[in-house]
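Below, each chain spelled out in residue letters.
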Amino acid sequence: MDLLQAASEAYEKAYAPYSRFKVGAAIRTPSGAVYQGVNVENVAYPEGTCAEAGAIAAMALAGDREISEVAVIADATAPVPPCGGCRQKLAEFGKGDVKVTMYTLSGEKLVMTLAELLPGKFTAEHMKD
Ligand code: THU
């Protein structure tokens, strides 16, 4: 399945009545499976969740544990990068060379790796004595 198409389909279903900023995400795993996510906002604003987090939850529920590719789409003038928290969430399951492609609805795109998006990431190594 085309990852841009999967993210675009998801985008339509985003629940963003407060920011009015809909985001769709799609994750591919090494097996070829694709998981979609949308942002889901809440009237208690901090309780809202990002599209990437939704896609990660769908992936985990299906039993997959590795991200090989990510696509994110939003209606913005420039491609929208994952927020800081989502970078750490994506890095939990994806190696540094995983490509994250960010799209606008008008077809602009920006490709960055997870390592570029989250240099100096916190890892389990940091918790060792
Ligand atoms: N948002 C995402 O879903 N993913 C991102 O990568 C950036 C921001 C959402 C959160 C919130 O619902 C809306 O966009 C505005 O911040």
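What counts and how
Residue indices begin from 1 for each chain and proceed along its sequence in written order. With pLDDT at 70 or above as the cut-off, local features in this predicted model cover only qualifying residues; side-chain atom pairs require 80 or more to be listed or tallied, and sums for whole chains, interfaces and linings still use all residues. Just so you know, side-chain values use all the structure's heavy atoms and leave hydrogens and water out. Note on conventions: DSSP H or I runs of at least 4 residues are helices, E runs of at least 2 residues are strands, and numbering of each starts at the N terminus. Computation of the radius of gyration draws on C-alpha atoms alone. For the globule rule, the value is 2.2 Å times the number of residues to the power 0.38. Should any heavy atoms of two residues lie within 4.5 Å, those residues are counted as being in contact. Only four residue types enter the tally: Lys and Arg on the positive side, Asp and Glu on the negative side, with His and both chain ends excluded. For charged residues, the charge sits on one atom: NZ in Lys, CZ in Arg, CG in Asp, CD in Glu. If a single non-hydrogen atom of a residue is within 4 Å of a molecule or strand, that residue counts as near it. Whenever two N or O atoms come within 3.5 Å, that pair is a polar contact, provided that in protein one can donate a hydrogen and the other can accept it, and provided that, for residues adjacent in sequence, both atoms are side-chain atoms. Using a 1.4 Å probe, accessible areas were evaluated by the Shrake-Rupley method; residue-level cover was limited to the displayed protein chains. Any residue that is not Ala, Val, Leu, Ile, Met, Phe, Trp, Tyr, Cys, Pro, Asp, Glu, Lys or Arg is counted as polar, Gly included; the first ten are nonpolar and the last four charged. Residue burial is assigned from relative accessible area. The probe radius is 1.4 Å, only protein chains are included, and a residue is buried under 20% of its type maximum, exposed over 50%, and partly exposed in between. Patch rule: a residue counts if its relative accessible area is over 30% and it has no salt bridge; like charges are joined within 9 Å, and nonpolar side chains (Val, Leu, Ile, Met, Phe, Trp, Tyr) within 5 Å. Any Lys or Arg side-chain nitrogen located within 4 Å of an Asp or Glu carboxyl oxygen qualifies as a salt bridge.

(A) Broad picture of the overall build of the protein chain. From N to C terminus, the protein chain includes 4 helices and 5 strands. Starting at the N terminus and ending at the C terminus, the protein chain contains elements arranged as α-β-β-α-β-α-β-β-α. Relative to the globule expectation of 14 Å for 129 residues, the C-alpha radius of gyration of the protein chain, 14 Å, shows essentially globular dimensions. Considering only intrachain contacts with a sequence separation of at least 6, the fraction spanning at least 24 residues in the protein chain is 59%. Across the protein chain, 12 positive and 16 negative side-chain charges occur, with their mean positions spaced 1 Å apart.

(B) Main features of the site of the ligand. In the vicinity of the ligand, the residues found are Ser19, Phe21, Val23, Asn39, Glu41, Cys50, Ala51, Glu52, Pro81, Pro82 and Cys83. Note that an oxygen atom of the ligand is positioned 2.9 Å from one of the side-chain N or O atoms of Asn39. Residue Ala51 places a main-chain N or O atom 2.9 Å away from an oxygen atom belonging to the ligand. With the chains in place, 76% of the 370 Å² that the ligand exposes on its own is no longer accessible. Along the lines of polarity and charge, the residues of the shell around the ligand split into 7 nonpolar, 2 polar and 2 charged.

(C) View of the environment of Lys22. Here Lys22 lies in the loop between helix 1 (3-12) and strand 1 (23-28). We classify Lys22 as partly exposed; its relative accessible area is 27%. Residues Lys22 and Tyr11, spaced 11 residues apart in sequence, show a C-alpha to C-alpha distance of 6.2 Å. Residues within four places of Lys22 in sequence aside, it is in contact with Tyr11, Glu12, Ala14, Ala16, Asn39, Ile73, Ala74 and Asp75. A polar contact is formed between the side chain of Lys22 and the backbone oxygen of Glu12, at a distance of 3.4 Å.

(D) Here's a closer look at helix 2 (residues 51-61). Among all positions in helix 2, only Ala51, Glu52, Ala53, Ala55, Ile56 and Met59 are buried. Buried residues belonging to helix 2 abut strand 1, strand 2 (34-38), strand 3 (67-74) and helix 3 (84-93). Gly63 occupies a position one or two residues after helix 2 and carries a positive phi of about 95°.

(E) Focus on a nonpolar patch on the surface. On the surface, a cluster of nonpolar side chains totalling about 540 Å² of accessible area is made up of Tyr15, Tyr18, Val40, Val43 and Tyr45. Counting through the fold element by element, Tyr15 comes out in the loop between helix 1 and strand 1.

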